[in-house]
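# Per-entry structural report
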Amino acid sequence: MEIRQVVGSLVCTQRNPGLGHWDLRVLQDLKGRQYVATDPVDARPGDWVFVVSGSAARYAMGDASILTDLTIGGVIDHWEWEQAAAVQPDATLSAKAA
């Protein structure tokens, strides 16, 4: 699972039938990269969400036949992203090894 922010909706009038009519959201990670995910939880722009990928994304949709590899699993009610972004795992691992 990863944390991303919803930056908008994606409207597609022509879709592969395997996607059904599920809402699609444009997400962005902390580095500015954008992704498209199916949205069974009705997330809104500005919401921070956690996503699941791969086969877990299909199961998170409630139907393993849905053709998706990224699904919003839930909307995060509270998360202090400033602190999370400041954590540097390499420095922590080096300090523990010393």
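See the structure printed just above.
The present account deals with the structure reproduced in this document. (Residues numbered from 1 in each chain as written. Predicted model: local features only at pLDDT ≥ 70, side-chain atom pairs only at ≥ 80, totals over all residues. Heavy atoms only, no water.)

### Considerations on the overall build of the protein chain
Selection criterion: Numbering of helices and strands starts at the N terminus; helices are DSSP runs of H or I of at least 4 residues and strands are runs of E of at least 2. When accessible area is computed with a 1.4 Å probe and restricted to protein chains, residues below 20% of their type maximum are described as buried, those above 50% as exposed, and intermediate ones as partly exposed. In this analysis, two residues are considered to be in contact whenever any of their non-hydrogen atoms come within 4.5 Å of each other. With residues, only the protein chains shown are counted as cover, and all accessible areas are computed by Shrake-Rupley using a 1.4 Å probe.
A tally of helices and strands in the protein chain yields 3 helices and 5 strands. Counting all 98 residues of the protein chain, 27% fall into the buried class. Pairs at least 24 apart in sequence give 49% of the contacts found in the protein chain among residues at least 6 apart. Accessible surface, the protein chain: about 6500 Å² in total, of which carbon and sulfur atoms supply 53%.

### Structural notes on the pattern of salt bridges
The test is simple: Put simply, a salt bridge is a Lys or Arg side-chain nitrogen that is within 4 Å of an Asp or Glu carboxyl oxygen.
Under the definition given, this model contains 6 salt bridges. In this structure, the salt-bridge partner of R33 is D29, at a minimum N-O distance of 2.9 Å. Classification of D29 by relative accessible area gives buried; the value is 10%. Taking the shortest distance from any N to any O, the salt bridge between D42 and R44 comes out at 2.9 Å. Among the ionic contacts, a cluster of salt bridges with common partners joins D23, R25, D39, D42 and R44.

### Re the packing of aromatic side chains
Note the cut-off: Each Phe, Tyr or Trp ring, with Trp reduced to its six-membered ring, pairs with another whose centre is within 6.5 Å; inter-plane angles below 30 degrees give stacked pairs, above 60 give edge-to-face pairs, and intermediate values give tilted ones. In this analysis the charged atom, NZ for Lys or CZ for Arg, is taken to sit over a ring once it is within 6 Å of the ring centre and within 35 degrees of the ring normal.
Throughout the structure, instances matching the rule amount to 0 aromatic pairs. A cation over a ring is seen here: R4 above Y35, with NZ or CZ 3.8 Å from the ring centre.

### Describing the environment of I76
Along the chain, I76 turns up in the loop between β5 (70-75) and α2 (81-86). What makes I76 partly exposed here is its relative accessible area of 22%. Once the C-alpha coordinates of I76 and Q5 are considered, the two residues, 71 residues apart in sequence, prove to be 9.7 Å apart. Ignoring any residue separated from it by four or fewer positions in sequence, one finds I76 in contact with I3, W48, V49 and F50.

### Observations concerning the pairing of strand β4 (residues 48-53)
Rules: Pairing between two strands is assigned when DSSP locates at least 2 bridges connecting them.
Note that strand β1 (residues 2-10) and β4 share 4 bridges and pair antiparallel. Looking across to β4, one finds that I3 is bridged to F50. Note that β4 and β5 share 5 bridges and pair antiparallel. Residue V52 lies in a different strand from β5, and its bridge partner there is T71.

### Section: the nonpolar core
Just so we agree on the cut-off: Within this scheme, the nonpolar core is defined by two criteria: the residues are buried Ala, Val, Leu, Ile, Met, Phe, Trp, Tyr or Cys, and they are joined through side-chain atoms within 4.5 Å.
With 8 residues, the main nonpolar core is built from V6, L27, A37, A43, V49, V51, L70 and I72. When residues of this core are traced back to their parent elements, those giving at least two are β4 and β5. If we ignore the near neighbours within four places in the chain, the residues touching L70 are R4, L27, Y35, V36, A37, T38, V51, V52, S53 and A57.

### As for the pairing of strand β3 (residues 34-39)
Of the pairings in the sheet, the one linking strand β2 (residues 23-28) to β3 comprises 6 bridges and is antiparallel in character. Looking at the pairing, V26 lines up with V36 of β3.

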